[in-house]
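Chain and residue survey
Each chain is listed here by its residues.
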Amino acid sequence: MNKNAFRQLSYGVYVVSTWDNGRATGCTANSAMQITSEPATIAISINHDNYTNKCIQDTGKFAISILGEHSDPGIIGIFGFKSGKDHNKFDETESVIRGYLPVVADACAYVVCDVIDRMETTTHTVFLGQVVDADVLKQDDPMTYAYYHKVIKGKSPKNAPTYIAEEQPCAETAAGAKYVCGICGYIYDGDTPFEELPDDFVCPVCKQPKSVFVKQ
Ligand code: FE
């Protein structure tokens, strides 16, 4: 089986959010799809190890914030590379309440769902949600997963359904690459070949300092 075939599937980049006993929490996700239009239903896939999974099971509700190409890529890091168990992720980014759920303000659209069914796989829960609210927040092209990889140069967290072990950077980013973020896999290749990583450099995806970068 050639898992590179899976890379030909199209995905977006989303923040799936819900409440944790009155505290807003959520995680980055790329697996969300519309299942039916009437009534409108959406399915998402969340790893069992993600704290958000338990919170969605408890509340029976989730929201999807659809990130755009102009959304701050730091949002992906805040929600994708830390656990909501220990971090108040929504303290680090502006949010709005829509359909009684927390939604990322810097997203291009949102969808709010009530969980109506779920299916357990060996590693992930597939939640089926009936849409109770949805709207466009700003005009922007939705960020595709391909854009995240090629333009933002991010990688998949291990809990992502689309994670492929020992991901290799694609050829065009590897050509001038020198520093790789040890947390999120972001590749810094500078504006010019062999440019040094500035001392005050902060990873644009996960916001970690220069010290976590590994020289290739
Ligand atoms: Fe990073």
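**A short note on the overall build of the chain**
Looking only at helices and strands, the chain features four helices and twelve strands. Counting only residues that meet the buried cut, the chain has 44% of its 216 residues in that class. Once local pairs closer than 6 in sequence are excluded, the contacts in the chain between residues at least 24 apart make up 62%. With the model as given, the accessible surface of the chain reaches about 11,300 Å², and the carbon-plus-sulfur share is 52%. Measuring between centres, the 19 positive side-chain charges of the chain sit 6 Å from its 27 negative side-chain charges.

**Observations concerning the sheet that holds strand 2 (residues 23-29)**
The strand order 2-1-5-8-9-4-3 describes an open sheet built from seven strands, whose pairing is antiparallel. Each of the sheet's edge strands pairs with one partner strand only, and the pair in question is strand 2 and strand 3 (32-37). Strand-to-strand, the axes of this sheet are offset by a mean angle of 35°, without reference to chain direction. The sheet contact formed by strand 1 (residues 14-20) and strand 2 spans seven bridges and is antiparallel.

**Points about helix 1 (residues 51-59)**
When helix 1 is considered as a whole, its buried residues turn out to be Y51, T52, N53, C55 and I56. On its buried side, helix 1 packs onto strand 1, strand 2, strand 4 (40-47), strand 5 (61-66), strand 8 (109-120) and strand 9 (124-136). Once helix 1 ends, the next one or two residues include G60, with phi positive near 70°.

**Some words on the confidence of the model for the chain**
Mean pLDDT over the chain stands at 88; residues scoring 70 or higher make up 92%. Within the model, the stretch residues 168-174 combines pLDDT values under 50 with seven contacts to residues more than four positions away or in other chains.

**Some words on the sheet that holds strand 11 (residues 187-188)**
Pairing within the open sheet is antiparallel, and its three strands lie in the order 11-10-12. At either end of the open sheet lies a strand with only one pairing partner, and these are strand 11 and strand 12 (213-215). Both strand 10 (residues 179-181) and strand 12 contribute to a ladder of three bridges, which runs antiparallel. By the bridge assignment for strand 12, V180 is matched with V214.

**What to know about the nonpolar core**
Core analysis: the largest hydrophobic core is formed by 27 residues, its most contacted members being L67, V104, Y148, C181, Y186, C203 and F213. Secondary-structure elements contributing two or more residues to this core are helix 2 (74-80), helix 3 (145-150) and strand 10. Looking at this core element by element, the count peaks at four residues for helix 2. Two domains share this core, each providing at least three of its residues, namely domain 1 (11-145) and domain 2 (168-216). Beyond its immediate stretch of four places on either side in the chain, F213 contacts Y179, V180, C181, G182, Y186, Y188, L197, F201, C203 and Q208. Judged by nonpolar contacts, the second largest core, of 16 residues, contains V16, A29, I66 and F127.

**Some remarks on the side chain of T125**
By the element assignment, T125 lies in strand 9. Within the local environment of T125, its side chain forms a polar contact with the side chain of N53, the two groups lying 3.0 Å apart.

**Brief notes about the pairing of strand 4**
The two faces of the sheet receive side chains in turn, since in a regular strand these alternate between them. Within strand 4, seven of the eight residues are buried, which leaves it mostly tucked inside the rest of the structure. Relative to strand 4, strand 3 runs antiparallel, the two sharing five bridges. When the sheet's bridge partners are listed, A32 is paired in strand 4 with I44. Hairpin connection of strand 3 to strand 4: two residues between the antiparallel strands. Both strand 4 and strand 9 contribute to a ladder of seven bridges, which runs antiparallel.

Calculation rules
- Residues numbered from 1 in each chain as written.
- Predicted model: local features only at pLDDT ≥ 70, side-chain atom pairs only at ≥ 80, totals over all residues.
- Heavy atoms only, no water.
- Helix = DSSP H or I, 4+ residues; strand = E, 2+ residues; numbered from the N terminus.
- Buried < 20%, exposed > 50% of the residue type's maximum accessible area, 1.4 Å probe, protein only.
- Contact = heavy atoms within 4.5 Å.
- Areas by Shrake-Rupley, 256 points an atom, 1.4 Å probe, with all protein chains shown as cover.
- Lys, Arg positive; Asp, Glu negative; His and termini not counted.
- Charge placed at Lys NZ, Arg CZ, Asp CG, Glu CD.
- Pairing = 2+ DSSP bridges.
- Axes fitted to C-alpha atoms, helices over the stretch in contact; angles between N-to-C directions.
- pLDDT = per-residue confidence, 0-100.
- Core = buried A, V, L, I, M, F, W, Y, C linked by side-chain atoms within 4.5 Å.
- Domains from an automatic or database assignment.
- Polar contact = N/O pair within 3.5 Å; in protein donor to acceptor, adjacent residues only side chain to side chain.

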